[in-house]
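Chain by chain, the residues run as shown.
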Amino acid sequence: MTKAWNSEDENRIDKLPDRLHNRIMDWQKKNFPEYDYLVGHWSEFYKQTPFRLIAKIGPLQSETIEVGRLAGRPKFTKTQDLDDEMIVQSAKIIKAQCSTELGSIQQHRGSIHKAQDPRLQFDILRVMAEEFRHAYQMLYVLASDDWARVGKDIASETMDALLGMETGGHVLDAFNLYFDSFVDNCVFCAVIDRVGKYQLRMQQVFSYAPMAQSMGPMLYEEAFHLATGVNPLRKWAAEWHKGEGNVSVPNIQRHLNKWVPRGL
């Protein structure tokens, strides 16, 4: 937590202070108890490095601000360099991003037990774990700086609000709908996580450097989330046209009708 932000160190990792790390782990025990199973069985499904709940700080896409009235100036590395309105709006964006990650975990849990394919079920568990890391990343951005200049502790207030949210109370509408079946899990990944990819790409040009530096590692993981949605949909559609499987194209279409408008 004491390290300076360094855009040249592409592989820097860090953790939340213990008191905040413990708070989000308390949230996990309540909202994502399957997390321990995923960590324990990771190597049975993937050859990649086992999952770790850490903050990952990547390089800046640009050392200077790319767009807006401050374009060309060096990106801000500390909140003390932001004006009051920048602090308020940045905190709102970080809160919204974190809310999507926590909200998605709560949604996926509602129907993950309905999966008929153990590998696909574990893929969704991995999506949930990586979204948990993304939420952890956003809390890390808040915890790593002083956001209190506008007369209130925005970081603490934001964390309190986020860790108390339930489905129906999240910032964005798409994260307040319940999943009806496991088809929802996959269509959600294919559609809403695609919107998430656009959102993360947009935030690579964030003028506040710590937020921009968080996006590269998150985008790398987001690609898996899209594939976890698209690949089963392709498989189900192909099976249905052969008279096989138990997920019909009309069923897929109904779920697309549910999620595409929210994505737009």
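Every value quoted in this text rests on a predicted model; they were computed, and no experiment measured them. Position labels on residues start from 1 in each chain and follow its written sequence. Note on the predicted model: pLDDT of at least 70 is required for a residue's local features to be given, and 80 or more for side-chain atom pairs to be given and counted; whole-chain, interface and lining totals, by contrast, use all residues. Excluded from the side-chain calculations are hydrogens and water; all other atoms, namely the structure's heavy atoms, are used.

1. What about the environment of Leu256?
As for its placement among the helices and strands, Leu256 is situated in helix H8 (residues 249-263). Here's how the labels work: a residue is buried when its accessible area is under 20% of the maximum for its type, exposed when over 50%, partly exposed in between, all with a 1.4 Å probe on protein chains only. Relative accessible area serves as the criterion here: at 24%, Leu256 is assigned to the partly exposed category. Distance from Leu256 to Ala190, taken between C-alpha atoms, is 9.4 Å for residues 66 residues apart in sequence. Whether two residues touch is decided by their heavy atoms; if any such pair falls within 4.5 Å, the residues are in contact. Sequence-distant contacts of Leu256, defined by excluding residues within four places in its chain, comprise Val187, Val191 and Pro261. Only DSSP runs of H or I covering at least 4 residues are called helices, and only runs of E covering at least 2 are called strands; the numbering of each starts at the N terminus.

2. Description of the packing of aromatic side chains
Ring pairs (aromatic) are described by centroid distance and by the angle formed between their planes. Here is the rule: rings of Phe, Tyr and Trp (six-membered ring for Trp) pair when centre to centre is within 6.5 Å. Planes less than 30 degrees apart are stacked, more than 60 are edge-to-face, and the remainder are tilted. Going through the model one piece at a time under the given rule, you end up with 17 aromatic pairs. Considering the side-chain rings of Phe188 and Trp259, the 5.1 Å spacing of their centres and the 90° angle between planes classify their relative orientation as edge-to-face. Placement of Phe188 in helix H6 (residues 182-203) and of Trp259 in helix H8 is noted, with a sequence separation of 71 residues between them. For Phe188, a relative accessible area of 1% puts it in the buried group.

3. Let's talk about a positive patch on the surface
Like-charged residues are merged into a patch within 9 Å and nonpolar side chains (Val, Leu, Ile, Met, Phe, Trp, Tyr) within 5 Å, provided each residue has over 30% relative accessible area and no salt bridge. Here, Shrake-Rupley sampling with a 1.4 Å probe gives the accessible areas, and only protein chains in the shown set may cover a residue. Criterion for a salt bridge: a side-chain nitrogen of Lys or Arg within 4 Å of a carboxyl oxygen of Asp or Glu. Here the positive residues are Lys and Arg and the negative ones are Asp and Glu; neither His nor the chain ends is included. All charge positions are set by atom: Lys at NZ, Arg at CZ, Asp at CG, Glu at CD. Where like charges cluster on the molecular surface, the positive patch consists of Arg194, Lys197, Arg201 and Arg234. At 3 residues, H6 tops the list of elements feeding residues into the positive patch. In this fold, Arg194 is placed in helix H6.

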